[in-house]
Amino acid sequence: MHRTPLVPRRVGTAVPPVRAAFVVLLLAVVVVAGARLVLAAGGMQVMGMAEYSTLIPIVGAALLPLRLTLILGLTNLVVGIVAYGILLPSMSHASRITVITALAASILVSLAVCRTRIAMERRLKGLMVARDRLTLLSEASTRVGGTLDVARTAEELAEVAVRRFADHAAVDLFDPVLKGEEPAPGPHAGPVTLRRAARRSVPAALAAASADGGTVTYCRGSMPALSLLRGVPVHGQFPDGADGEECWPADPDGTGTKAPHSALAVPLRARGVTLGAALFTRSRHRDPFDAADVLLAQEIAARAAVCVDNARRYTHERATSVALQRSLLPQVVPPQPAVQAVARYLPADVGVGVGGDWYDVIPLSGARVALVVGDVVGHGIRASAAMGRLRAAVRTLADIDLPPDELLTHLDDIVIRLQSETCPTPTGGAEDAAEADVGEFVATCLYMVYDPISQRCTAARAGHPPPAVVHPGTCARFLDVPAGPPLGVGGLPFETAEMHLPEGSLLALYTDGLVEAPRYCLDERLERLLQALSEPKPTLQDTCDHVLDRLVVDRTRDDIALVIARTQALDDRHTVAWELLDNLAEVARARDLASLQLAHWGLPEAAFLAELVVSELVTNAIRYGGSPVQLRLIRHDTLICEVSDGAHTAPHLRRARTFDEGGRGLFIVAQLAERWGTRQQSDGKTIWAELALPPATVPTPAPALATL
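Computed from a predicted model, the values in this text were never measured in an experiment.

Trainee: Is there a simple way to think about the overall build of the protein in this case?
Mentor: Assigned secondary structure in the protein consists of 19 helices and 22 strands. Going through the 708 residues of the protein one by one, you find that 46% of them count as buried. Contacts spanning at least 24 positions in sequence make up 70% of the contacts within the protein whose residues lie at least 6 apart. Carbon and sulfur atoms make up 58% of the accessible area of the protein, which totals about 33,600 Å².

Put into structure tokens, the structure is as follows:
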């Protein structure tokens, strides 16, 4: 098929066929009746009757097109010549000339009136068309780009174009654009494969049809391929019976028009990048696209392309934020001897952006565990980056075993320093002040530490919602943890709450996105959370899903982080402790106690390393620490050796020289242990070392031996 150049139809001169036939018939009757009256008048005033004949073409000029007006005027002239010049011999020669001249003059007047009327109709119709086009352009500016979703923006473009501009509209985008990525650079010579992002049609059966995500291929030399290659709109008509598959792509769902009457392909380009193409067609009952339609479509497509590119960029930024957020969060919650924990993180939907919610489950010394939930104010990549900083700071502070209130105090200082780093300098310009966003470094945090041996939990919070707890056999309630100020405010202290949690207690830590929702009271939402937690479920995963199903009503507002943990206890089968005297002779006794206990636990393979580590730690505690000295062994998935003394001076690792008699104890411990460290206490310090157990061990631990 060959593309034919566009031939615009005439506008403003067409008259409905029924109306034209009626007018011609009426005027013919008037002409015949006038001729009969002329013949019957005979001796009457013939000149008076001729005056009425001159009005016939003028009346026709007000109703008929120019060609019909000319035909009517000539017919009237012929009738006048026959009637007045031939059939009435009694008329004088001067009267005949006067009548015929008047009839001829009426033709000229009627032609002038008809041309003036047609020109005014064309101008009026042009003004109406211009008004409709401006209205369509205004509607496209307001309706297209209302969301930051690429697919929805394409659908809005198709919806605006259908009915008022085209009978069928389709928007095809490169596949990377829908994913928020940069499309491949041009030129796109074809064949080009795109993905159908949106489609709308005028018929009722297709008016509500939307894109199914299918692919469509533009053949080389087709109108869409040429528009992508040249970067300009391409339009044309298709003759009757022509096969348009070579120049126009078929819809992937098979419901569109293969060979339209008039077609227009406009490339979607924004910021120098080709994103796809918009395709418009008209059926045969409408005028084909003209040059003004091409300019209008180009303007609409240009504005829509900017909106599509904005949505693409936002999709890319949001995907980056989500990836950054998820990479900074724990991918899995490792098994802990203190708790069984599961977590859920739900990012906000498109339109708000990823926030700074985070959670963590941090193993501590002595088989303890720290549960953390926090929220950075703000959204986007900066909030995710700030969240990563705070999470790393919390892990660092947790490694040195700070109490919850002291940890939040240090974290508050860190947030204040981050604020000062992002504040605009006094010498900075207005742009620096505008780009600075210190609000995102204000955060809330809840920090809890649970000890499975004593079954005690200590917690502190900084502007964060209180945690909920469900004791075995009871209903859920909120823990009475003093509410401190948000991180970054400074100047106010944090308080710690301590409570006993029996084995099997359920803890729920969450961010405010779970309980805050528009049009809902906060107290009502908190009560719903307690009700959801009070309903027992088989597993922690089921409990998490149940809580989210009951409370999540709108994910477009804020991120949601939820951690649910079930406490466990380590009894005498897992731990044993001995008090030692402040005498170096106790080192041998400590080795014997450890060896016997490991044999009783069925871990003789670990006795050698454990004796060596215990010997070095006890020796340092007696020599440099002082009483009271205590040795404690904790057995779970690993073996933990702890030695406590009454000194507050923290030991440090150093490399002994060749001829030094001491200084190698901690170095040996560090080489043998998986992990080791020190934690401060009110009455001294504890040095601990964690040893890996051999693969083959007795699965059921035995009770601890009596003190030797």
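Now, onward.
Trainee: Can you help me understand a nonpolar patch on the surface in this one?
Mentor: On the surface, a nonpolar cluster with roughly 430 Å² of combined accessible area is contributed by L55, I58, V59, L63, V109 and V113. Tallying contributions element by element places helix α3 (residues 55–61) first for the nonpolar patch, with 3 residues. Of note, V59 is situated in helix α3. Taking relative accessible area as the criterion, V59 reaches 45% and is therefore assigned partly exposed.

Trainee: Any chance you could explain the nonpolar core here in plain terms?
Mentor: For soluble globular proteins, the rule of thumb is that nonpolar side chains tend to be buried together. If you look at the biggest cluster of nonpolar residues, it comprises 56 residues, and the most contacted ones within it are W358, L408, L411 and Y447. Residue contacts for L408: discarding those within four places in its chain leaves C445, Y447, A460, R461, A462, L487 and F494. One finds L137, A140, V177 and A277 within the second-largest nonpolar core, a separate group that totals 49 residues.

Trainee: Quick question: what am I supposed to make of the sheet that holds strand β1 (residues 168–173) here?
Mentor: Whether parallel or antiparallel, the strands of a sheet pair through hydrogen bonds between backbone atoms. The 6 strands are arranged β3-β2-β1-β6-β5-β4 in an open sheet whose pairing can be described as antiparallel. Either end of the sheet is taken by a strand with one partner, and the two such strands are β3 (215–218) and β4 (234–237). Averaged over all pairs of adjacent strands, the angle between their axes in this sheet comes to 30°, without regard to strand direction. As defined by bridge partners, β4 adjoins strand β5 (residues 262–270) across 4 bridges and the pair is classed as antiparallel. Opposite G236, over in β5, you have A263 as the bridge partner.

Trainee: Would you take a moment to explain the side chain of R461 for this structure?
Mentor: On the secondary structure map, R461 appears in strand β11 (residues 456–462). From its side chain, R461 meets the backbone oxygen of H464 in a polar contact 2.4 Å long. Not counting chain neighbours up to four residues away, the residues in contact with R461 comprise L408, C445, L446, P466, V481, P482, A483, G484 and F494.

Trainee: Just checking my understanding: could you explain the side chain of T619 for this structure?
Mentor: For T619, the location among the structural elements is in helix α18 (residues 607–625). Polar side-chain contacts of T619 include one of 2.6 Å to the backbone oxygen of S615. Ignoring anything within four residues of it in the chain, the contact list for T619 reads L584 and V587.

Trainee: Explain the confidence of the model for the protein to me, please; I cannot follow it from the model alone.
Mentor: Low-pLDDT portions of the prediction should not be read for the details of their coordinates. Per-residue pLDDT for the protein averages 79, and the proportion of residues at 70 or more is 79%. The low-confidence segment residues 241–246, where pLDDT is below 50, has 11 contacts with residues more than four positions distant or belonging to other chains. A low-confidence stretch, residues 252–258 stays under pLDDT 50, and its non-local contacts, those more than four residues away or across chains, total 16 contacts.

Trainee: What exactly am I supposed to notice about the environment of L631 here?
Mentor: Mapping L631 onto the fold places it in strand β19 (residues 629–635). Spatially, the C-alpha atom of L631 lies 5.8 Å from that of E642, the residues being 11 residues apart in sequence. Those residues in contact with L631 that lie beyond four places of it in its chain are V576, A577, W578, L580, A590, V614, E642 and V643.

Trainee: In this structure, what is going on with the pattern of salt bridges? I would like to understand it.
Mentor: Pairing between side chains becomes possible if they bear opposite charge and their charged atoms approach one another. Summed over the entire model, instances satisfying the criterion amount to 26 salt bridges. Two residues, E586 and R589, come together in a salt bridge whose shortest N-O distance is 2.8 Å. In this pair, E586 and R589 both sit in helix α17 (residues 586–600), 3 residues apart, roughly one turn of the helix. Taking the relative accessible area as the measure of exposure, E586 reaches 10% and is therefore buried. By relative accessible area, which is 21% here, R589 ends up partly exposed. Linking E642 and R632 is a salt bridge whose minimum nitrogen-to-oxygen distance equals 2.7 Å. Separated by 10 residues along the polypeptide, E642 in strand β20 (residues 638–645) and R632 in strand β19 bring together distant segments of the chain. Here E642 and R632 have matching classes, each one buried. Here the salt bridges share partners, and the residues they tie into one network are R152, E155, E156, E159 and R200.

Basis of the calculations
- Sequence order sets the numbering: in each chain, residues are counted from 1 along the sequence as written.
- Where totals are concerned, whole chains, interfaces and linings use all residues; where local detail is concerned, this predicted model gives features only for residues with pLDDT of at least 70, and gives and counts side-chain atom pairs only at 80 or more.
- The basis for every side-chain value is the complete set of non-hydrogen atoms in the structure, without hydrogens or water.
- Secondary structure elements are defined from DSSP: runs of H or I of at least 4 residues count as helices, runs of E of at least 2 residues count as strands, and each element is numbered from the N terminus.
- Per-residue accessibility, obtained with a 1.4 Å probe over protein chains only, is compared with the maximum for each type, and a residue is labelled buried under 20%, exposed over 50%, and partly exposed between these values.
- Contacts are assigned to residue pairs with any non-hydrogen atoms lying within 4.5 Å of each other.
- Surface accessibility in these figures is a Shrake-Rupley result with a 1.4 Å probe; residues are shielded only by whichever protein chains are displayed.
- Residues form patches when they are more than 30% accessible in relative terms and have no salt bridge. Like charges link within 9 Å. Nonpolar side chains (Val, Leu, Ile, Met, Phe, Trp, Tyr) link within 5 Å.
- Salt bridge, as used here, is a side-chain nitrogen of Lys or Arg placed within 4 Å of a carboxyl oxygen of Asp or Glu.
- What we call a nonpolar core is a set of buried Ala, Val, Leu, Ile, Met, Phe, Trp, Tyr and Cys residues that are connected through their side-chain atoms within 4.5 Å.
- By the convention used here, strands pair only if DSSP detects at least 2 bridges between them.
- Geometry is summarised by axes, namely lines fitted to C-alpha atoms with helices restricted to the contacting stretch, and by angles between N-to-C directions that run from 0 to 180 degrees.
- Polar contacts here mean pairs of N or O atoms no more than 3.5 Å apart (in protein, one a potential hydrogen donor and the other a potential acceptor; neighbouring residues in sequence count only if both atoms are side-chain atoms).
- Per-residue confidence from the prediction method is given by pLDDT, with values spanning 0 to 100.

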